[in-house]
Amino acid sequence: ATTCLWKEHSINIIDTPGHVDFTMEVERSLRVLDGAVAVFDAVAGVEPQSETVWRQANRYGVPRICFVNKMDRVGSDFFRCVTMIADRLKAKPVVLQIPIGGEEFFEGVVDLITGKALYFDKSAAAKEVTEKDITAELQDLYEEKRLEMLEAVAEEDETLLEKYLGGEELSIEEIKACVRKATIAQHVVPVLCGSAFKNVGVQPLLDAVVSYLPSPLDIAQMVGHDPDDKEKDIVCPCDDAKPLAGLVFKLFSDPYSGHLYFFRIYSGFIESGM
């Protein structure tokens, strides 16, 4: 469990192993998450354990975005992976990026919403992102995939659909707002790609987390039970001024720190000494 700041947003991250031996770790973590990033291998695609985790996320109603990782590996195939997400997970993937190059020639991504090509400087741990115009050889693929993306997004909003069918241009803000709404409602899963090891595509992924996954204010309020009256439900509003309500999702014993309890706060607050 860790926290990072990105563009004036605080993102609390819980990273769980994908292996089947740790499936209960995933289960307990999904219970307290507002949103999830599902990471897939660009070579292997959707693996059996991914299907198990996906079903767990369905059970807890967790909105997701997908990140197709290891695009620089030999045998990587982004669109095959997207097809597998639709076929095996019965999800509705909405591709928001297409890769520039592949395998050892993977250089960056094309953003289908803004229409810009993003190149990553591999010599500086890919922290430098260069925005350029789309090259001629990628233009046809870009137009084809952008059209598919716009159709999928417009289907999720009647007003946008009317505008799109009327031949009007959809603004970047309108597209992003619709993707966010559809993602939180779990009607679609945005799909991005990159190479995490080389930091290629990580900044756009963080942008997507902020843009499309819900904050605690966007999801239904948690309902708890009164310990004195099991029949009575207590709603836990996302408000610091309300009484403290939280859920411990992991216990851990450390030889130096002693017993550690990881918990998610749903209402109220806790501070040192309480």
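Because the structure is predicted, anything quoted here is derived from the model rather than measured.

About the criteria used
- Residues numbered from 1 in each chain as written.
- Predicted model: local features only at pLDDT ≥ 70, side-chain atom pairs only at ≥ 80, totals over all residues.
- Heavy atoms only, no water.
- Helix = DSSP H or I, 4+ residues; strand = E, 2+ residues; numbered from the N terminus.
- Rg over C-alpha atoms; globule rule 2.2 N^0.38 Å.
- Buried < 20%, exposed > 50% of the residue type's maximum accessible area, 1.4 Å probe, protein only.
- Contact = heavy atoms within 4.5 Å.
- Areas by Shrake-Rupley, 256 points an atom, 1.4 Å probe, with all protein chains shown as cover.
- Core = buried A, V, L, I, M, F, W, Y, C linked by side-chain atoms within 4.5 Å.
- Axes fitted to C-alpha atoms, helices over the stretch in contact; angles between N-to-C directions.
- Parallel < 35°, antiparallel > 145°, perpendicular 65-115°, else oblique.
- Left-handed = near helix turned anticlockwise from the far one by under 90°.
- Patch = residues over 30% accessible without salt bridge, like charges linked within 9 Å, V, L, I, M, F, W, Y side chains within 5 Å.
- Salt bridge = Lys/Arg side-chain N within 4 Å of Asp/Glu carboxyl O.
- Pairing = 2+ DSSP bridges.

1. A short note on the overall build of the protein
Then step 1. The helix and strand tally for the protein stands at 7 helices and 14 strands.
Then step 2. In terms of overall size, the protein behaves like a compact globule, its C-alpha atoms giving a radius of gyration of 21 Å where 274 residues would be expected to give roughly 19 Å.
Then step 3. Over its C-alpha atoms, taken along the principal directions, the protein stretches across nearly 65 × 50 × 35 Å.
Then step 4. Relative to its full complement of 274 residues, the protein shows a buried share of 38%.
Then step 5. Restricting the contact set of the protein to residue pairs at least 6 apart, pairs at least 24 apart contribute 60%.
Then step 6. Carbon and sulfur atoms form 53% of the exposed surface of the protein, whose accessible area is close to 15900 Å².

2. Describing the nonpolar core
Then step 1. Residues Phe40, Ile85 and Met149 are the most contacted members of the largest nonpolar core, which totals 58 residues.
Then step 2. Counting residues per element, this core draws most heavily on helix H4 (residues 136-154), which supplies 7 residues.
Then step 3. Excluding anything up to four places from it in sequence, Phe40 contacts Gly45, Val46, Ser50, Trp54, Cys66, Phe67, Val68, Asn69, Cys81, Ile85 and Leu89.
Then step 4. Listed in part, the 5 residues of the second largest apolar core include Leu30, Ala36, Ala57 and Val62.

3. Describing the packing of helix H1 (residues 23-30) against helix H2 (residues 48-59)
Then step 1. H2 packs onto H1 with a crossing angle of 25° between their chain directions and a minimal axis gap of 9 Å. Judged by the inter-axis angle, H1 sits roughly parallel to H2. Relative to H2, the crossing made by H1 is right-handed. Of H2, the residues touching H1 (which contributes Thr23, Val26, Glu27 and Leu30) are Gln49, Thr52, Val53, Gln56, Ala57 and Arg59.

4. Observations regarding a nonpolar patch on the surface
Then step 1. Together, Leu244, Val248, Leu251, Tyr261, Phe263, Phe269, Ile270 and Met274 give the surface a local cluster of nonpolar side chains, amounting to about 820 Å² of exposed area.
Then step 2. Listing elements by their share of the nonpolar patch, those giving two or more residues are strand S13 (245-254) and strand S14 (258-267).
Then step 3. Using a relative accessible area of 39% as the deciding quantity, one classes Phe263 as partly exposed.

5. Quick look at the sheet that holds strand S4 (residues 64-69)
Then step 1. The 4 strands are arranged S3-S4-S10-S5 in an open sheet whose pairing can be described as parallel. Where the open sheet ends on each side, the last strands, each with one partner, are strand S3 (36-41) and strand S5 (93-95). Put simply, the sheet's adjacent strands are angled 30° from each other on average, direction ignored.
Then step 2. Relative to strand S10 (residues 189-193), S4 runs parallel, the two sharing 3 bridges. Pairing of Cys66 across the sheet is with Val191, part of S10.
Then step 3. Relative to the sheet, H2 contacts S3, S4 and S10, its axis offset from that of S4 by approximately 165°.
Then step 4. Along the sheet, helix H3 (residues 78-89) contacts S3, S4, S5 and S10; its crossing angle with S10, the most-contacted strand, is approximately 155°.

6. Concerning the pattern of salt bridges
Then step 1. As enumerated under the stated definition, the model contains 18 salt bridges in all.
Then step 2. Here Asp41 ties to Lys70 by a salt bridge, and the two come within 3.6 Å at their closest N and O atoms. Highlighted residues: Asp41 in strand S3 and Lys70 in the loop between S4 and H3, separated in sequence by 29 residues.
Then step 3. For Asp41, a relative accessible area of 12% corresponds to the buried category.
Then step 4. One network of salt bridges, in which partners are shared, links Glu25, Arg28 and Lys250.

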